Amino acid sequence: MLSRSCLGLLNLVSVDDYQALSRVPKVMAVPGDVAELEIDDVVSSGTQERRIIVANQLPIRACRDAEGKRWSFEWDSDSLVLQLKDGFPSDVEVLYVGSLKAEIDASEQEEVAQVLLERFRCVPTFLPADVYNRFYHGFCKHYLWPLFHYMLPMSPSQGARFDRAQWQAYVLANKIFADKVTEVINPDEDYVWVHDYHLMILPTFLRKRFHRVKLGFFLHNTFPTSEIYRTIPVRDDILRRGYIGLDYYGRTVTIKILPAGIHMGQLESVLSLPHTAFRVKELKEQFRGKVVILGVDDMDIFKGISLKFLAMGQLLQLHEDLRGRVVLVQILNPARSRGKDIQDVKNESEAIAKEINEKYGKPGYQPIVFINGPVSTQEKAAYYAISECCLVNAVRDGMNLVPYTYTVCRQGSVALDKALGVEDGAVRPKHSVIVVSEFIGCSPSLSGAIRVNPWNIDDVSEAMNSAITMAEAEKQLRHEKHYKYISSHDVAYWARSFDQDLERACREHYLKRCWGVGLGLGFRIVALDPTFRKLCVDNIASAYRATHNRLILLDYDGTMMPQASINKTPSSEVISVLNYLCSDPQNVVFIVSGRDRDCLSNWFSPCEKLGLSAEHGYFTRWSKDSPWETCGLTTDYDWKMIAEPVMAHYTEATDGSFIEHKESAMVWHHQLADPSFGSSQAKELLDHLESVLANEPVVVKRGQHIVEVKPQGVSKGIVVENLISTMRSEGKSLDFLLCIGDDRSDEDMFESIARSVSNPDLPTISKVFACTVGQKPSMAKYYLDDTTEVIKLLEGLATASAPPTSVTFQELQGTP
């Protein structure tokens, strides 16, 4: 293989873009000795923009000559990953990483790799044969492929069950791909576009190596519901994703449904070839007087081929007038994998076709014409062009571009019109009808198609009849609608849209610091603001000693008490450090919590000078002896009569959940429920409560394992504003502010502090320390790792302060 240093040098060279490849021979012959191929033939790229396209297979055809001594390579013009280049700006260089569709001997791999890089800008990943078989034919095609199409391996005859050795081969193959990308990538400049389910863990490997890599992933397959996906033993290792347009550990992860398209120029070129026109004329003569319905499918268990044939039989059974007039031509592309399931589908389909042909066929008429592939693009185009209807009957499929190709072929060309006898200058009406399964990806983009449930044989049969008997004017309207969309949303449009979305998603990559968290496939990147740093005891202690009017705000659950603790009562250590901080007359210390006031009063009864803010600030008291104050909002709680029955309904349906009644709020807890079901129920409850309480003066929010309903205008952020305002009104000019919290409600405090600090109309607080617990994106500028570090920090401040008495903090704690 090429060395890292050699590839680093080759990284600076480039072939001109795809449109200018005429200067390079389309077919490259590689003799046994390829030493004469020099790097000098390739043009330097300098600072040219570059896209690295990573797919399971390179867009290259490879074959040996008759003697088996020379390899020859050429572009695979039918490859989608080659066609997508048309969507990139003309000055963008494209580099491909993937496997060849041929087995290259180890002794030839280095030479072949050099030729492919120099002449085609392709970097081959040579997987050992046993790894490739377990990776592709095993884990990908016989495990993931059925699962992603909603087929669970309930028995040995229904797909393959999870095999740890195949999974390990999948991981190894993805790692080999990552190694190849690593050899050629400029991580600061290049954009990487990874394709399809074969390489779903490749992004994890790449981001682990290059934290800021500009990376996009496109799944060409269907993605199953969570009920199906959860059955995969390695589900967490495969799937690491965020939510549409929202932050995922500080990185903006954009998820978008973006249908692929076809290469209009290439298909139109095929339609203009004399041979295509000649073949169309032949087929027209062959099927004279017949209505042709066309199916083009891979030999696959999910394409619904046998169901399609059964529907054809039903059509002929119910409509005697169509016997002898309607022909279903089924083109079968070669299977992409091998195994008993493929052979079973083939045998079943052939048996059904034979039965129908024997029952309804006669001399000169065969109802089902079975064409086993491979079939050339030109041959398919000719069949598309003469077919009155296209039937795509898959029970589950990804995008499936067959209806798109059919529509463009029915639009035709000048050469086709001439072959069909249309006079020069005459306008031939264009019409087509598509019958499409509702379970395939292209269905929503074909608004003029007849949608069917492929499992409903009667439904499909009737749709076929409707397509045959449809008025010509309606066929024309449906065709025009489809052609307008397909021609404007081609493969270049798809690639350009993805590329633009990728650029937008990566704009802030270098404005943040990246931290690697986790091991193995559990690794993830946390992207944080450059100013975000750990709160050091020494730094805050010096600021603490130099100031005289201090406000210390502390959340409780998750901040001073671990979330996982069953007993939430504060420890003697917590009580001691709070008392010591409160004993300093220059300090005002508050616990700001979502807990109710009775709970906080009981827990912190030993802390006489400690301030408490309960229920997110609805109730506040400045010390144990002072009265509780409300936030001044209305005390109308009629909304509870609406919310409680709804919460009770979800509590009954969710084992481990319960309702907490507060004076100002109601909280539904699900931390003890099944994690997945509890989260799902919480989302549904949130939507339900927002609907029934839409006209009430409350807000509904989700928190960590909770759904809470509370009055509008109540938040921890307002608590901060009120406390600062009150202290200033009493003549205390704040010069030190420490605020520590861990969850979403505490972000309100951090945001309020940030507003106060940046407001020029308010007095300046010289020392401000907003601190979140855990390394995560936050409005706070500092972080501490856990509750233990929070307590240590507070103890450090207690030690740093001048003791109001002769008793030191360590003595108070009972330490020597």
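Here, the structure is the one placed above.
Heads up: these notes are all about the structure in this document. Predicted model, so just to flag it, every value in this text is computed and none were measured. (Residues numbered from 1 in each chain as written. Predicted model: local features only at pLDDT ≥ 70, side-chain atom pairs only at ≥ 80, totals over all residues. Heavy atoms only, no water.)

1. A few points about the sheet that holds strand β7 (residues 93-99)
The five strands are arranged β8-β7-β4-β9-β10 in an open sheet whose pairing can be described as parallel. Pairing within the sheet leaves two strands with one partner each, and these edge strands are β8 (122-124) and β10 (214-218). For this sheet, the mean angle separating the axes of adjacent strands, direction not counted, is 20°. Along the sheet, helix α3 (residues 106-120) makes contact with β7 and β8, crossing β8 at roughly 160°. (Pairing = 2+ DSSP bridges. Helix = DSSP H or I, 4+ residues; strand = E, 2+ residues; numbered from the N terminus. Axes fitted to C-alpha atoms, helices over the stretch in contact; angles between N-to-C directions. Contact = heavy atoms within 4.5 Å.)

2. Things to note about helix α22 (residues 639-653)
With 15 residues, α22 extends 22 Å from end C-alpha to end C-alpha; this agrees with the ideal 21 Å at 1.5 Å per step. Along α22, the positions that sit buried rather than exposed are W639, K640, A643, V646, M647 and Y650. The buried residues of α22 occupy an angular sector of 140° when the element is viewed end-on, so they sit on one face. Structural note: α22 exposes M641 and E652 on the side pointing more than 90 degrees away from its buried face. Taken together, the buried residues of α22 touch β27 (658-661), β28 (666-669), α23 (675-692), β29 (698-703) and β30 (706-711). (Expected span 1.5 Å × (residues − 1). Buried < 20%, exposed > 50% of the residue type's maximum accessible area, 1.4 Å probe, protein only. Arc of directions from axis to C-beta.)

3. Notes on the packing of helix α5 (residues 164-184) against helix α6 (residues 202-209)
α6 packs onto α5 with a crossing angle of 45° between their chain directions and a minimal axis gap of 9 Å. Put simply, α5 runs oblique to α6. For the element pair α5 and α6, the recorded crossing hand is right-handed. Across the interface between the two elements, V171, N174, K175, F177, A178, D179, V181 and T182 of α5 pack against L202, F205, L206 and R209 of α6. When the residues that make up the contact of α5 with α6 are grouped by side-chain class, the tally is seven nonpolar, two polar and three charged. (Parallel < 35°, antiparallel > 145°, perpendicular 65-115°, else oblique. Left-handed = near helix turned anticlockwise from the far one by under 90°. Nonpolar A, V, L, I, M, F, W, Y, C, P; charged D, E, K, R; others polar.)

4. Details of the pairing of β29
Bridge count between β29 and β30: six bridges; the pairing is antiparallel. When the sheet's bridge partners are listed, G703 is paired in β30 with I706. The hairpin turn running from β29 into β30, its antiparallel successor, is two residues long, and H705 in that turn takes a positive phi close to 65°.

5. So, the sheet that holds strand β16 (residues 389-392)
Spatial strand order, β15-β14-β13-β16-β17-β18: six strands in an open sheet with parallel pairing. The sheet is open, and its two borders are formed by β15 (368-372) and β18 (450-452), each paired with just one other strand. If you compare each strand with its neighbour and ignore which way they point, the axes differ by 20° on average. In this sheet, strand β17 (residues 433-437) lies alongside β16 in parallel orientation, the contact comprising four bridges. Its bridge partner lying in β17, V392 is registered against V436. Contacting β13 (291-298), β14 (326-333), β15 and β16, helix α11 (residues 305-318) crosses the sheet at an angle of about 175° to β14. Most of the contacts of helix α14 (residues 402-411) go to β16, to which it runs at about 175°, and overall it touches β13, β16 and β17.

6. Notes on the packing of helix α20 (residues 572-582) against helix α26 (residues 787-800)
One way to put it is that α20 packs onto α26 with a least axis distance of 9 Å and a crossing angle of 35°. Handedness of the α20/α26 crossing: left-handed. The segment α20 lies against α26, with E573, V574, V577, Y580 and L581 engaging I791, L794, E795, L797 and A798. In terms of residue class, the contact of α20 with α26 is made up of eight nonpolar, no polar and two charged.

7. Quick look at α3
The end-to-end C-alpha separation of α3 is 20 Å, in line with the 21 Å expected for 15 residues at 1.5 Å each. Residues E108, Q109, V112, A113, V115, L116, L117, E118, R119 and F120 constitute the buried set of α3.

8. Side note on the packing of aromatic side chains
One pass over the structure, following the stated rule, counts 30 aromatic pairs. Measuring from centroid to centroid gives 5.1 Å for F590 and W622, while their planes differ by 90°, and the two rings are edge-to-face. Residue F590 is found in strand β23 (residues 587-592), and its partner W622 is found in the loop between β25 (619-621) and β26 (629-630); the two are separated by 32 residues along the sequence. For F590, a relative accessible area of 0% corresponds to the buried category. With a centroid separation of 4.9 Å and an interplanar angle of 75°, the aromatic rings of Y618 and F619 are classed as edge-to-face. (Phe/Tyr/Trp six-rings, centres within 6.5 Å; stacked < 30°, edge-to-face > 60°.)

9. Remarks on the side chain of S99
Mapped onto the secondary structure, S99 falls in strand β7. Among the polar contacts made by the side chain of S99, one reaches the side chain of T125 at a distance of 3.0 Å. (Polar contact = N/O pair within 3.5 Å; in protein donor to acceptor, adjacent residues only side chain to side chain.)

10. Observations concerning the pattern of salt bridges
The full count for this structure, using the stated rule, is 37 salt bridges. For R61, the salt bridge identified is with D76, shortest N-O distance 2.9 Å. Of the two residues, R61 is situated in strand β5 (residues 60-64) and D76 in the loop between β6 (71-75) and α2 (80-83); the sequence distance between them amounts to 15 residues. Note on D76: relative accessible area 7%, which makes it buried. E285 is the partner of R288 in a salt bridge, and the nearest nitrogen-oxygen pair spans 2.6 Å. For R288, a relative accessible area of 57% puts it in the exposed group. (Salt bridge = Lys/Arg side-chain N within 4 Å of Asp/Glu carboxyl O.)

11. A closer look at the pairing of β17
Put simply, side chains in a regular strand alternate between the two faces of the sheet. Burial within β17 is extensive, with five of its five residues counted as buried. Side-chain alternation along β17 places V433, V435 and S437 on one buried face and I434 and V436 on a second face that is also buried. Inspection of the sheet shows β17 paired to β18 by three bridges, in the parallel sense. Bridge assignment links S437 to a residue of β18, and that residue is V452.

12. Here we look at the nonpolar core
Counting residues in each nonpolar core, the largest one holds 110 residues, and the members touching the most others are L100 and V329. In this view, V329 contacts F287, V292, I293, L294, G295, V369, I371 and Y383; residues no more than four positions away in its chain are not counted. (Core = buried A, V, L, I, M, F, W, Y, C linked by side-chain atoms within 4.5 Å.)

13. Here's the deal with unusual backbone geometry
Not every positive phi belongs to a glycine, and H616 is a case in point at roughly 60°. Along the polypeptide, H616 turns up in the loop between β24 (611-614) and β25.

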